[in-house]
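Overview (structure and organization)
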Amino acid sequence: MGGPSVRIDLDKIENNARVVCNLCAEHGIQVTGVSKVSCGTPAVARALLRGGVKGIGESRMENIHRLRANGVVEPITLLRIPPLSETEEIVRSVDVSLNSEISVIRSLSSAAERFGLNHRVILMIDLGDLREGFWPDDVLPAVREVLELPNISLEGVGTNLTCYGGVIPTPENMQQLVDWAHRIEDTFDIHIRTISGGNSSSLPLLASGKMPQGINNLRIGEAILLGRETVKRQVWPGTEQDAFLIEAELIELKEKPSVPIGETGEDAFGGRPTFVDKGLVTRGILNIGREDADVDGLRAMDGRIEILGASSDHLIVEMGAAKDEYSLGQSVSFLPNYSALLAAMTSAYVQKNIHGKAVSEHKPKKVLLFSASNHDLEVELLSRSLASIGFELELPAKNLRGEEDFFSAIRSSLSAGSFPLLRGRRFLSSTGFSAASIELGQQGLLWISPSPSIIVGEKKKELHTDDLGPLGRILAPDLLELGWIEASEKKSDDQTAPSAENIVLLGLQEARPVEVEIIRSLGLNVYTMEDIDMLGISAVVRKALQRAVIGSQGLFVHYDPRISDGGQEGLSNRETHLMMEMIARSGFMRLLDVSGAAIHGRGRGSLQKFIASALGKRILGV
Ligand SMILES: *Cc1c(COP(=O)(O)O)cnc(C)c1O
């Protein structure tokens, strides 16, 4: 297809990440996967995460927004020192930043305070490489101030070597970093969570077994993405080097003399080329040039092909012994080094072709509707709108009556790989949640509704299981344990206790006093409509998703259509769509529970579209 391309193999990236993460894990080190050379390609970040990295490191806000907009909800660390002019944007989109200027941290603090957010900082210490970092004399005064700043927490200390000055990580300079962490801990009586000992250049030291105790984080890009450490650029054991390939097409293939004919001057870029006379050789010209990639950083995968030179748009190669195996129009693959890859990823002229399991991964194509009524018209309408995005709507094979029937039917639909859509019945939310927790493992819960629905009916002095609303039923095991409700005769043995930190209420407009007390005592996460007004729907949904999915195997989404009232008290239709699309793109949703207004009732058009938004984007996968 025309121009040159980068071929990205997600399976190789995932495998490389696993190799590096496993080695690091043996030494008590967590890896932040650095995706910046891929310009924040979401599929690459996801492959890193599947391979075991504990968060993503990125250097540019554009890349970070790209990741966030595509559903990457894991913690993101901003690697480049934040500019003063962007601190607001940073606290809204980034969890952790690396810092070396106290005035920037002050500005991050006031921005975070304005938005009611908390921002974590890693203080960089310059151990001699002369790129970023506090000079050692300034570290303790900086820590003192950071600890006093509101809405900022000190995540840890870090260093960056082998970047500008080429200083290599050694047991000595790494120990200096650990010593700094201990000095800070002793001086201020605090615990330093993260001691971040650098980038891919720290891996040889780690593998040699000489990395000092205490370093517990590395920020790794090149070793995973290109399979090489960066001190001597040697192949890293167990990794593959061709996760990224640059491919270009032969546009000329001819026998030509190896030395130009005529008087020679400067070439197109002001250099003076030299030539070795080898007589007639088979030369190829490829449709890739300096405008597309840093061609000096390319090496042909086929070792017989040698790069002779390049202009803006052409790469000239000598085909050597490979000449009979290539023909015009065929493509040649090159291994890029870091800078060649960066240039190719950044160039608008270079296509990005993503390959690997994650791309062709089977997504459920069947939606199973579990509903109280199975109203014909509703089924018909939903069925039509889901068909338009490639899903088939099915009903359970047999007539389901009680809770138990629904419970086992939802479980079997999940294990068969279909997507359950629950349509409001009082017990259906908790039944579905339990079924998913048992079948798929711990579930996050996103409760999108104007009200918490923990309690129904009048407030009584003593609460019983009968007083519980849909969310109350999900929370029942916790409510029982904390003594909020009395145990009833009926034992809820099928119910698994949800984990409170993965429960997020979104869009809350009202709550009874007793519900507020319960929310506080269980420590549930709440984002009210006011938060959405302040921060915007996308920032809130992103945070909500992040909270809900940390450590969980999937996400149960409850959506009460009353929250989408066209933007009067609740969400506008556009906000609802954006929210649903973000949920879909996160790829975490395993069940959707839609209760409230009937689909065939008022506003049905929008409800069907919202459901389609929540499901539709899954088709795009990566
Ligand atoms: C780019 C970068 C890294 C990752 O470096 P690699 O050599 O790709 O592992 C780590 N830390 C910082 C601060 C960076 O800018």
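Owing to the predicted nature of the structure, the values given are computational and were not obtained by experimental measurement. (Residues numbered from 1 in each chain as written. Predicted model: local features only at pLDDT ≥ 70, side-chain atom pairs only at ≥ 80, totals over all residues. Heavy atoms only, no water.)

**Regarding a nonpolar patch on the surface**
On the surface, a nonpolar cluster with roughly 390 Å² of combined accessible area is contributed by Leu130, Trp135 and Tyr164. Structurally, Trp135 is set in the loop between β6 (119-124) and α6 (139-148). (Patch = residues over 30% accessible without salt bridge, like charges linked within 9 Å, V, L, I, M, F, W, Y side chains within 5 Å. Areas by Shrake-Rupley, 256 points an atom, 1.4 Å probe, with all protein chains shown as cover. Salt bridge = Lys/Arg side-chain N within 4 Å of Asp/Glu carboxyl O. Helix = DSSP H or I, 4+ residues; strand = E, 2+ residues; numbered from the N terminus.)

**Digging into unusual backbone geometry**
Of note in this structure, Cys39 is not a glycine but carries a positive phi near 60 degrees. Its identity as a non-glycine residue notwithstanding, Asp189 has a phi of 55 degrees, on the positive side. Within the secondary structure layout, Asp189 lies in the loop between α7 (171-188) and β8 (194-196). You can call Asp189 exposed: its relative accessible area is 71%. (Buried < 20%, exposed > 50% of the residue type's maximum accessible area, 1.4 Å probe, protein only.)

**Points about the sheet that holds strand β17 (residues 366-371)**
Pairing between the strands of a sheet comes from backbone hydrogen bonds, and it takes one of two forms, parallel or antiparallel. As summarised here, the arrangement of the 8 strands in space is β18-β17-β19-β24-β23-β20-β21-β22, forming an open sheet in which the pairing is parallel. Each of the sheet's edge strands pairs with one partner strand only, and the pair in question is β18 (392-394) and β22 (525-528). Each strand axis lies, on average, 20 degrees off the axis of its neighbour in the sheet, ignoring direction. With 5 bridges joining them, β17 and strand β19 (residues 419-423) adopt parallel strand pairing. Bridging across to β19, Val367 finds its partner in Phe419. This element, helix α15 (residues 470-481), spans β20 (443-448) and β21 (503-508) of the sheet and lies at about 155 degrees to β20. (Pairing = 2+ DSSP bridges. Axes fitted to C-alpha atoms, helices over the stretch in contact; angles between N-to-C directions. Contact = heavy atoms within 4.5 Å.)

**Here's the deal with the site of the ligand**
What surrounds the ligand is a group of 14 residues, the closest being Lys36, Ser200, Arg219, Gly221 and Glu222. The separation between a nitrogen atom of the ligand and a polar side-chain atom of Arg219 is 2.9 Å. Alone, the ligand offers 390 Å² of accessible surface; in the complex the protein occludes 93% of this. By residue class, the composition of the shell around the ligand is 5 nonpolar, 4 polar and 5 charged. (Near = heavy atom within 4 Å. Polar contact = N/O pair within 3.5 Å; in protein donor to acceptor, adjacent residues only side chain to side chain. Nonpolar A, V, L, I, M, F, W, Y, C, P; charged D, E, K, R; others polar.)

**Quick notes on the packing of aromatic side chains**
Within the structure shown, the criterion is met by 4 aromatic pairs. Ring plane angle 65 degrees and centroid distance 5.6 Å describe the contact between Phe406 and Phe427, whose orientation is recorded as edge-to-face. Taken together, the residues span a long stretch of sequence, with Phe406 in helix α13 (residues 403-415) and Phe427 in the loop between β19 and α14 (428-440) at a distance of 21 residues. By the burial criterion, Phe406 is buried, and Phe427 matches it. (Phe/Tyr/Trp six-rings, centres within 6.5 Å; stacked < 30°, edge-to-face > 60°.)

**Let's talk about helix α10 (residues 338-346)**
By the burial criterion, the buried members of α10 are Ala340, Leu341, Ala344 and Met345. The arc that holds the buried residues of α10, viewed along the axis, is 130 degrees, so those residues lie on one side. Turning to α10, the residues buried within the fold contact β1 (5-9), β10 (244-257), β12 (298-300), β15 (331-336) and β16 (351-355). For α10, the N-terminal capping position is held by Asn337, with its side-chain oxygen 3.2 Å away from the main-chain nitrogen of Ser339. (Arc of directions from axis to C-beta.)

**Some details on the pairing of β10**
In this structure, β1 lies alongside β10, joined through 4 bridges in antiparallel fashion. By the bridge assignment for β10, Ser5 is matched with Glu247. Bridge count for β10 against β15 is 4 bridges, and the pairing is antiparallel. Each residue of the ladder has a partner; that of Glu247, found in β15, is Ser333. With 7 bridges joining them, β10 and strand β11 (residues 280-286) adopt antiparallel strand pairing. Its bridge partner lying in β11, Glu252 is registered against Ile285.

**A few points about the confidence of the model for the protein**
Looking at the protein as a whole, its pLDDT mean stands at 88, while 93% of the residues score no less than 70. Long-range and interchain partners of residues 617-622, a stretch whose pLDDT sits below 50, account for 19 contacts in this model, where long-range means more than four residues apart. (pLDDT = per-residue confidence, 0-100.)

**Considerations on the packing of helix α18 (residues 537-549) against helix α19 (residues 573-586)**
When two helices pack together, their arrangement is given by the angle between their axes and by how far apart the axes lie. At their nearest, the axes of α18 and α19 sit 10 Å apart, and the two run at 35 degrees to each other. Crossing handedness for the pair α18 and α19: right-handed. Here Ile537, Ser538, Val541, Arg542 and Leu545 of α18 come into contact with α19, specifically with Glu575, Leu578, Met579, Met582, Ile583 and Ser586. By residue class, the composition of the contact of α18 with α19 is 7 nonpolar, 2 polar and 2 charged. (Left-handed = near helix turned anticlockwise from the far one by under 90°.)

**Quick look at the environment of Ser311**
Within the element layout of this structure, Ser311 appears in the loop between β13 (306-310) and β14 (315-318). When its relative accessible area of 22% is taken as the criterion, Ser311 is described as partly exposed. For the pair Ser311 and Arg290, spaced 21 residues apart in sequence, the C-alpha to C-alpha distance is 6.0 Å. Residues within four places of Ser311 in sequence aside, it is in contact with Phe269, Gly289 and Arg290.

**Examining the side chain of Asn502**
With respect to the helices and strands, the residue Asn502 is situated in the loop between α15 and β21. Those residues in contact with Asn502 that lie beyond four places of it in its chain are Gln442, Gln443, Gly444, Leu445, Arg547, Ala548, Val549, Ile550 and Ser552.

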